[in-house]
Amino acid sequence: MPAPRTVLLTGAAGGLGTLMRELLPAYGYDLRLLDLRPIEGEPDAIVADLADRDAVREAVRGVDAILHLAGISLEAPFEKILRANIEGTYHLYEAAREEGVGRIVFASSNHAVGYTPRPRGDDPLIPVDTPRRPDTFYGLSKCFGEDLAQLYWDRHGLETVSVRIGSCFPEPTSVRMLSVWMSPADGARLFHAALTAEHVGHTVVHGSSANTRLWWDLGTARALGYEPQDDSEPYAEKLIAEQGELQEGNEAHAYLGGQFVTDPPIWPY
Ligand SMILES: NC(=O)c1ccc[n+]([C@@H]2O[C@H](COP(=O)([O-])OP(=O)(O)OC[C@H]3O[C@@H](n4cnc5c(N)ncnc54)[C@H](O)[C@@H]3O)[C@@H](O)[C@H]2O)c1
């Protein structure tokens, strides 16, 4: 596959979409933006719902690749997740197939495997082929997205890198996040590697920086050419002083998915 230049960025108005709008053009991409919500200062952004199949097909027409970030990013009633994350992702894959787009980078999540116990002591890092253990309907929709990606590769030759993102924010804000944090700059590095690596078929990778307290294995991400540059450790002392170490017996500290296991934050719309 030739290196993509024109990339459809779905979810462009969101937190990660906003960070990637700032960072990805430096890699030479020409971004086409799509979101449910208009984006200030971006009059050309496509304002569309993934439920609108015609709009989605028009949005993917002519792009070289898609970075698919759009969707409900917290827990919500199943019907809402079904519409935005499950049917919406299906519409995007169908449109990509119909329009001959060769590569999608899919924003999966640690919550697809959120009930995986976090490693302790000398435990090995969590591998990418760890069994699916979604912690919410939200996490379940990410399992669906990964399986959809596998189907479209096996049946239609449409390639995907599914990135199980840990937490991509400018700074880690919790002790758990020290282990799963991905700096925005590393996020851009990983998405760039996922967009440009040769022969990915359907590859699942973990999305984190090179954190000292890392919980999961970055091997498949590195195999794409991803070289993380950041580490959450400089934030550790302050966060642990404020919040304390992760505690045995606290369920929200026991699993990869953290608070989503016990008390998931709810999508406000
Ligand atoms: N930020 C993280 O650390 C993180 C971690 C794991 C996974 N992810 C995934 O990465 C993606 C981006 O995350 P984020 O933090 O920017 O979330 P976000 O909620 O800030 O952004 C999601 C965007 O998708 C748009 N959207 C929702 N439903 C839509 C629909 N039906 N049609 C079109 N647009 C729609 C929203 O308007 C919003 O702008 C999400 O898929 C999320 O599940 C993010």
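Residues numbered from 1 in each chain as written. Predicted model: local features only at pLDDT ≥ 70, side-chain atom pairs only at ≥ 80, totals over all residues. Heavy atoms only, no water.

## Focus: the overall build of the protein
Moving on, step 1. Secondary structure assignment for the protein yields nine helices and seven strands.
Moving on, step 2. Considering only C-alpha atoms, the protein reaches an extent of 50 × 40 × 40 Å along its principal axes.
Moving on, step 3. Residues counted as buried form 53% of the 269 residues belonging to the protein.
Moving on, step 4. If you take every contact in the protein between residues at least 6 apart in sequence, the share linking residues at least 24 apart comes to 70%.
Moving on, step 5. Put simply, the protein shows about 12,000 Å² of open surface, and 50% of that area lies on carbon and sulfur atoms. (Helix = DSSP H or I, 4+ residues; strand = E, 2+ residues; numbered from the N terminus. Buried < 20%, exposed > 50% of the residue type's maximum accessible area, 1.4 Å probe, protein only. Contact = heavy atoms within 4.5 Å. Areas by Shrake-Rupley, 256 points an atom, 1.4 Å probe, with all protein chains shown as cover.)

## Let's talk about the packing of aromatic side chains
Moving on, step 1. Scanning the model with the defined rule gives six aromatic pairs in all.
Moving on, step 2. On the numbers, 5.4 Å between centres and 70° between planes, the contact of F78 with F137 is edge-to-face. Taken together, the positions of F78 in helix α3 (residues 78–99) and F137 in helix α4 (residues 137–156) put the pair 59 residues apart, joining distant regions of the chain.
Moving on, step 3. Since its relative accessible area comes to 38%, F137 is described here as partly exposed.
Moving on, step 4. Geometrically, the ring pair formed by W181 and Y235 is edge-to-face, given 5.6 Å between the ring centres and 70° between the ring planes. Linking W181 in the loop between α5 (177–180) and α6 (184–196) with Y235 in the loop between α7 (219–223) and α8 (236–243), this pair joins segments that are 54 residues apart in sequence.
Moving on, step 5. Looking at Y235, the relative accessible area reads 26%, which means it is partly exposed. (Phe/Tyr/Trp six-rings, centres within 6.5 Å; stacked < 30°, edge-to-face > 60°.)

## Structural notes on empty space enclosed by the protein
Rolled over the atoms, a probe with the dimensions of a water molecule shows which regions are left empty.
Moving on, step 1. Inspection of the entire model under this criterion finds one cavity of 30 Å³ or more.
Moving on, step 2. Empty space within the largest cavity amounts to approximately 40 Å³.
Moving on, step 3. Lining the largest cavity are H68, A70, N85, T89, F106, S141 and K142.
Moving on, step 4. Among the elements of the structure, α3 and α4 are those that each provide at least two residues to the lining of the largest cavity.
Moving on, step 5. The class makeup of the residues in the lining of the largest cavity is two nonpolar, four polar and one charged. (1 Å grid on protein atoms, 1.4 Å probe; cavity = no way out; pocket = protein on both sides within 12 Å on 5 of 7 lines; lining within 4 Å. Points joined across faces, edges and corners; volume = space filled by probe spheres on them. Nonpolar A, V, L, I, M, F, W, Y, C, P; charged D, E, K, R; others polar.)

## Topic: the pairing of strand β6 (residues 159–165)
Moving on, step 1. In terms of burial, β6 is a largely internal element, seven of the seven residues being buried.
Moving on, step 2. Residues of β6 alternate between two faces, with E159, V161, V163 and I165 on one and T160, S162 and R164 on the opposite face, all of them buried.
Moving on, step 3. Sheet topology places strand β5 (residues 103–109) next to β6; seven bridges connect them, and they run parallel. If you follow S108 over to β6, its bridge partner there is R164.
Moving on, step 4. Read as a crossover between parallel neighbours, the route from β5 over α4 to β6 is right-handed.
Moving on, step 5. Bridge count for β6 against strand β7 (residues 202–207) is six bridges, and the pairing is parallel. (Pairing = 2+ DSSP bridges. Right-handed = clockwise from strand over helix to strand, strands pointing away.)

## Observations regarding the environment of G102
Moving on, step 1. Examined against the element boundaries, G102 turns out to sit in the loop between α3 and β5.
Moving on, step 2. A relative accessible area of 27% means that G102 is categorised as partly exposed.
Moving on, step 3. Taking the C-alpha atoms as reference, G102 lies 9.8 Å from P2; in sequence the two are 100 residues apart.

## Observations concerning the site of the ligand
Moving on, step 1. Inspection of the region around the ligand gives 26 residues, with L16, D35, S73, Y138 and C168 positioned closest.
Moving on, step 2. K142 is positioned such that a nitrogen or oxygen atom in its side chain is 2.9 Å from an oxygen atom of the ligand.
Moving on, step 3. When the free accessible area of the ligand is taken as 820 Å², the share hidden by the protein chains comes to 91%.
Moving on, step 4. Top contributing element to the shell around the ligand by residue count: β5, with three residues. (Near = heavy atom within 4 Å. Polar contact = N/O pair within 3.5 Å; in protein donor to acceptor, adjacent residues only side chain to side chain.)

## Observations regarding the pattern of salt bridges
Moving on, step 1. Within this structure, the stated rule accounts for 16 salt bridges.
Moving on, step 2. As a salt-bridge pair, E94 and R97 come within 2.9 Å of each other at their nearest N and O atoms. Residue E94 and its partner R97 are located together in helix α3, separated by three residues, close to a single helical turn.
Moving on, step 3. On the basis of relative accessibility, which here comes to 11%, the residue E94 falls in the buried class. (Salt bridge = Lys/Arg side-chain N within 4 Å of Asp/Glu carboxyl O.)

## Observations concerning the pairing of strand β2 (residues 30–35)
Moving on, step 1. Pairing analysis gives five bridges linking strand β1 (residues 6–10) to β2, with the strands arranged parallel. In the sheet register, L9 faces β2, and the bridge partner there is L33.
Moving on, step 2. Handedness of the crossover joining β1 and β2 through helix α1 (residues 15–23) is recorded here as right-handed.

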